[in-house]
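Reading the structure
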Amino acid sequence: MAESFSTTHRFFDNKNYPRGFSRHGDFTIKEAQVLERQGHAFNELDSGKRSPVTDEEKLFVAACRGEREPQTEAEKIWAKYVNRIRRPKRFHTLSGGKPQVDNLEDFSDSDD
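Treat the numbers as computed from the prediction; the structure is a model and nothing was measured.

Along the backbone of the protein chain there are four helices and zero strands. Shown N-terminal to C-terminal, the secondary structure of the protein chain runs as helices and strands in the order α-α-α-α. Looking at the protein chain as a whole, 29% of its 112 residues qualify as buried. Contacts spanning at least 24 positions in sequence make up 61% of the contacts within the protein chain whose residues lie at least 6 apart. As displayed, the protein chain offers around 9,000 Å² of accessible surface, 46% of which is attributable to carbon and sulfur atoms.

As structure tokens, this is what we get:
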């Protein structure tokens, strides 16, 4: 029987994690190692470039499509990675001003 998530390629994301997964701080050392070893297979299964071979891979694809909650370690790590790269980056300003309010409501006492 084929081994789940087998690949001969290491997975790197130089755009979002140019110093590597383990040096960025978003992932534990174990999670970073799983991403590097099996992330290429995860990515191909998630994008549809590779068809699932084992039952574990079929469940992984179902979790990627949102048909079920991530339950295995691989599913949780990949979901964490995908959520990290898709969320907007936070930024901080150095201005000490008060935040602007867009919708000002009129709270005057009026008898209509």
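Membership of the largest hydrophobic core comes to 18 residues, with the highest contact counts inside it found for Phe5, Phe21, Leu35, Phe42, Trp78 and Tyr81. The greatest single-element share of this core, amounting to six residues, is contributed by helix α2 (residues 29-47). Apart from the residues within four sequence positions on either side, tryptophan 78 is in contact with Phe11, Leu35, Gly39, Phe42, Asn43, Asp46, Phe60 and Cys64.

Time to look at helix α3 (residues 55-64). Among all positions of α3, only Glu57, Phe60, Val61, Ala62 and Ala63 are buried. Where α3 is buried, its residues meet α2 and α4 (73-86).

Taking 1.5 Å per residue, 14 residues should reach 20 Å; α4 reaches 20 Å between its end C-alpha atoms and fits that length. Every buried residue belonging to α4 is among Ala74, Glu75, Ile77, Trp78, Tyr81 and Val82, and all of these are buried. Buried residues in α4, looked at end-on, bunch into an arc of 165 degrees, giving them a common side.

Turning next to the side chain of arginine 68. Along the chain, arginine 68 falls in the loop between α3 and α4. At 3.0 Å, the side chain of arginine 68 and the side chain of glutamine 71 are in polar contact. Among the polar contacts listed, one links the side chain of arginine 68 to the side chain of glutamate 75, at a separation of 2.6 Å. When neighbours within four sequence positions are excluded, arginine 68 is seen to be in contact with Leu59, Phe60, Ala62, Ala63 and Glu75.

So, on to the packing of α2 against α4. The interhelical angle for the contact between α2 and α4, taken along N-to-C directions, is 85 degrees, at an axis separation of 9 Å. Our classification of the angle between α2 and α4 gives roughly perpendicular. On α4, the residues touching Lys30, Glu31, Val34, Leu35, Gly39, Phe42, Asn43 and Asp46 of α2 are Glu73, Ala74, Ile77, Trp78, Lys80, Tyr81 and Val82. Along the lines of polarity and charge, the residues of the contact of α2 with α4 split into eight nonpolar, two polar and five charged.

What follows concerns the environment of phenylalanine 21. Following the sequence through the fold, phenylalanine 21 ends up in helix α1 (residues 21-24). For phenylalanine 21, a relative accessible area of 2% puts it in the buried group. Sequence-distant contacts of phenylalanine 21, that is, excluding residues within four places in its chain, are made with Phe11, Phe12, Asp13, Phe27, Ala32, Leu35, Glu36 and Tyr81.

What counts as what
Residues numbered from 1 in each chain as written. Predicted model: local features only at pLDDT ≥ 70, side-chain atom pairs only at ≥ 80, totals over all residues. Heavy atoms only, no water. Helix = DSSP H or I, 4+ residues; strand = E, 2+ residues; numbered from the N terminus. Buried < 20%, exposed > 50% of the residue type's maximum accessible area, 1.4 Å probe, protein only. Contact = heavy atoms within 4.5 Å. Areas by Shrake-Rupley, 256 points an atom, 1.4 Å probe, with all protein chains shown as cover. Core = buried A, V, L, I, M, F, W, Y, C linked by side-chain atoms within 4.5 Å. Expected span 1.5 Å × (residues − 1). Arc of directions from axis to C-beta. Polar contact = N/O pair within 3.5 Å; in protein donor to acceptor, adjacent residues only side chain to side chain. Axes fitted to C-alpha atoms, helices over the stretch in contact; angles between N-to-C directions. Parallel < 35°, antiparallel > 145°, perpendicular 65-115°, else oblique. Nonpolar A, V, L, I, M, F, W, Y, C, P; charged D, E, K, R; others polar.

Scope: geometric values only; no functional claims are made or implied.
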